[in-house]
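Descriptive structure summary
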Amino acid sequence: MNLTKEEESALKGEQGEIIQMAYRILVATGEATDAEKLVPIEWAHLSGVNYNTIGDAGEELLSSISKDARVKVKTTLNPMGFDIDNVKNYDLDENFISKQLSIRNSYETMGVIPSFSCIPYEIFDIPKDGTQVAFAESNAAIHANSFDNLKTNKESAFSALASALVGKSPNSSLRKEDSPNITIRMKVKNPNELTYGMLGFFAGKIGDTSVNISGLDAMDKRQTKAMCGGMGTSGTCAKFLFGEGDSDCEKIDFDEKEMQNVHDELNTTEKGDIITLGSPQLGLDEISQLAGKLKGRSFQKRCMVFMPRTVKEQSTKIGYTAELERAGCEILSDCCTCLSPLISKDNVDAVTTNSIKGAFYLKNSNGVGVNLKPLSQIIEDETR
Amino acid sequence: MKKILVSGKVEGVVLKSDNPINFLGTVDKKTGIISDENHDLYKKSIKDTVLVFPSGVGSSVGAYTIYSIKSNESAPLAMICKKWILL
């Protein structure tokens, strides 16, 4: 990589140990991904917040570096493990709560905006087309590249943190013009958000850094988020380009059979004890639609609904929160379905969800059964 | 093309996988054991192995899993993969 004099000096440790560590991460990442230089970024979005995912090692690392480290650019943050407003309703031990609050404190000390959201693209203003950012959180990186005209690598938690501290990121392939060598042709008729989640999961398995995708109808937010979440879970791929692509692209169909394979991999049971909605977290549009669908109906079992705090505040003002609570929903902000410590196999055998991303982590990490259904079906089957 | 991202010298037994690894959620951060039943290393531990696999996939937080298994002394001795990963 070509580094400036200042970057070379930082890499040697002349700006302190933490900045040296950040440059070591960025340069190693850059070398691995054929970046010829570092480019300035305007916004970093960090993952590695939930104590359930980063553990004591992560908590201690953040606590230690936050003594000196400060972010150089606007930096936002992924969900943590619980909503402080109602954590007492859940069976979480004191150690979890205090470690989680330590993590929150470390990020705030470093100057990070405590947004606790995996949908930064929906709750913050999007900068002008082509702006360089560094998003960890796989669904957000894919959304930023594919739908928001931003440029980001599919950052790791550490490369995004290093980028936030330095204000730069490697100029890897996703930041440059790319021409995917694969085109996925969507063939499934009448897709819902679950179909798009499975399409994303399928695409992530076969795509490299980006894929072309054709045959899509107009998609709503729930569907685009499901597709980004699905792809982020299964692959290294971090961009959809819409269309057939070049004639020499390998064409691969996503039809009923391919969809069934994804379904069979992630759906392990036909019935859940509880329902979770929000992986990625729900935005205001989705909350509004959900409140509409639940008019005059109530869930017959627990239903956890995850959203960013800003969305919860807006929902409360508009009256959606009251409507959802009346219908039996548990409203949770600042956290998410993924690796939630609030869902444990000690008290839950299986979860019903419309999220492919949520399904993957519930199954593999929480160790619970998963029953996949689109939202419309969940409401039909689980409410009266 | 061969690239060395983190250099060092170790000797150990190769544990080879044909499946990519999503470190978050499928690798236990204390023990290094794989929990994904669809993975060819299901129930195997990557601790103290020379782990050879196609690539990392999925969550960006897998980076913290790798950091955790290293802190918990359950990390592989070395990792060799085909495709670049940002972990």
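Just so it is clear, the model here is predicted, and its values are computed rather than measured.

A few words on the interface of chain B and chain A. With 28 residues of chain B at the contact, the number on the chain A side is 44 residues. Counting the surface lost from both chain B and chain A, the interface buries some 2700 Å², and carbon and sulfur atoms represent 61% of this. The salt bridge involving A:Asp34 is made with B:Lys3; its shortest N-O contact spans 2.6 Å. Between the two partners, chain B and chain A, sit 13 residue pairs in polar contact (both at pLDDT 80 or more). Listing elements by their share of the side of chain B that touches chain A, those giving two or more residues are helix 1 (23-26) and helix 2 (62-71) of chain B. When residues of the side of chain B that touches chain A are assigned to their parent elements, the largest contribution, 5 residues, is made by helix 2 of chain B. Per-class residue counts for the side of chain B that touches chain A are 11 nonpolar, 12 polar and 5 charged.

Attention shifts here to the nonpolar core. The biggest cluster of nonpolar side chains holds 85 residues, and the ones touching the most others in it are A:Leu62, A:Tyr107, A:Phe254 and B:Tyr64. By residue number, the principal contributor to this core is helix 8 (residues 193-206) of chain A, which donates 7 residues. Ranked by size, the runner-up nonpolar core spans 20 residues in total, among them A:Ile275, A:Ile287, A:Tyr320 and A:Leu324.

Right, let's get into the packing of helix 9 (residues 221-234) of chain A against helix 11 (residues 284-293) of chain A. Residues and elements named next belong to chain A. Packing of helix 9 against helix 11 leaves a shortest axis separation of 9 Å and a crossing angle of 120 degrees. As far as their axial angle goes, helix 11 and helix 9 are oblique. Facing helix 9, whose interface residues are Lys221, Arg222 and Lys225, helix 11 presents Asp285, Glu286, Gln289 and Lys293. For the contact of helix 9 with helix 11, a count of residues per class yields no nonpolar, 1 polar and 6 charged.

Below, the discussion takes up the pairing of strand 11 (residues 303-307) of chain A. Residue and element names in this part refer to chain A. Within strand 11, 5 of the 5 residues are buried, leaving the element largely enclosed by the surrounding structure. The alternating pattern of strand 11 places Cys303, Val305 and Met307 on one face and Met304 and Phe306 on the opposite face, and all of these are buried. Bridge analysis of strand 10 (residues 274-277) against strand 11 gives 3 bridges, and the strand direction is parallel. Each bridged residue has a counterpart across the sheet, and for Ile275 the counterpart in strand 11 is Cys303. Handedness of the crossover joining strand 10 and strand 11 through helix 11: right-handed. With 5 bridges joining them, strand 11 and strand 12 (residues 329-333) adopt parallel strand pairing. Within strand 12, the position partnered with Val305 by the bridge is Ile331.

Attention shifts here to the sheet that holds strand 12 of chain A. Residues and elements named next belong to chain A. Taken together, 5 strands build an open sheet; the order of strands is 12-11-10-13-14 and the sheet is parallel. Unpaired on one side and paired on the other, strand 12 and strand 14 (369-372) mark the two borders of the sheet. Taking the axes of each pair of neighbouring strands and ignoring which way they run, one obtains an average angle of 25 degrees across the sheet. Taken strand by strand, helix 12 (residues 309-318) contacts strand 11 and strand 12, and its axis lies near 110 degrees from that of strand 11.

Next up on the list: the sheet that holds strand 9 (residues 250-254) of chain A. All names here are of chain A. The 4 strands lie next to each other as 8-7-6-9, forming an open sheet whose pairing is parallel. Pairing within the sheet leaves two strands with one partner each, and these edge strands are strand 8 (240-242) and strand 9. Neighbour-to-neighbour, the strand axes of this sheet turn through a mean angle of 30 degrees, independent of strand direction. Bridge count between strand 6 (residues 182-186) and strand 9: 5 bridges; the pairing is parallel. Within the sheet, the bridge partner assigned to Thr183 lies in strand 9 and is Lys251. Lying over the sheet, helix 8 contacts strand 6, strand 7 (211-214), strand 8 and strand 9, oriented at roughly 160 degrees with respect to strand 6.

So, how was this worked out
Residues numbered from 1 in each chain as written. Chains lettered and ligands numbered in written order. Predicted model: local features only at pLDDT ≥ 70, side-chain atom pairs only at ≥ 80, totals over all residues. Heavy atoms only, no water. Contact = heavy atoms within 4.5 Å. Buried area = accessible area lost by both parts, 1.4 Å probe. Salt bridge = Lys/Arg side-chain N within 4 Å of Asp/Glu carboxyl O. Polar contact = N/O pair within 3.5 Å; in protein donor to acceptor, adjacent residues only side chain to side chain. Helix = DSSP H or I, 4+ residues; strand = E, 2+ residues; numbered from the N terminus. Nonpolar A, V, L, I, M, F, W, Y, C, P; charged D, E, K, R; others polar. Core = buried A, V, L, I, M, F, W, Y, C linked by side-chain atoms within 4.5 Å. Buried < 20%, exposed > 50% of the residue type's maximum accessible area, 1.4 Å probe, protein only. Axes fitted to C-alpha atoms, helices over the stretch in contact; angles between N-to-C directions. Parallel < 35°, antiparallel > 145°, perpendicular 65-115°, else oblique. Pairing = 2+ DSSP bridges. Right-handed = clockwise from strand over helix to strand, strands pointing away.

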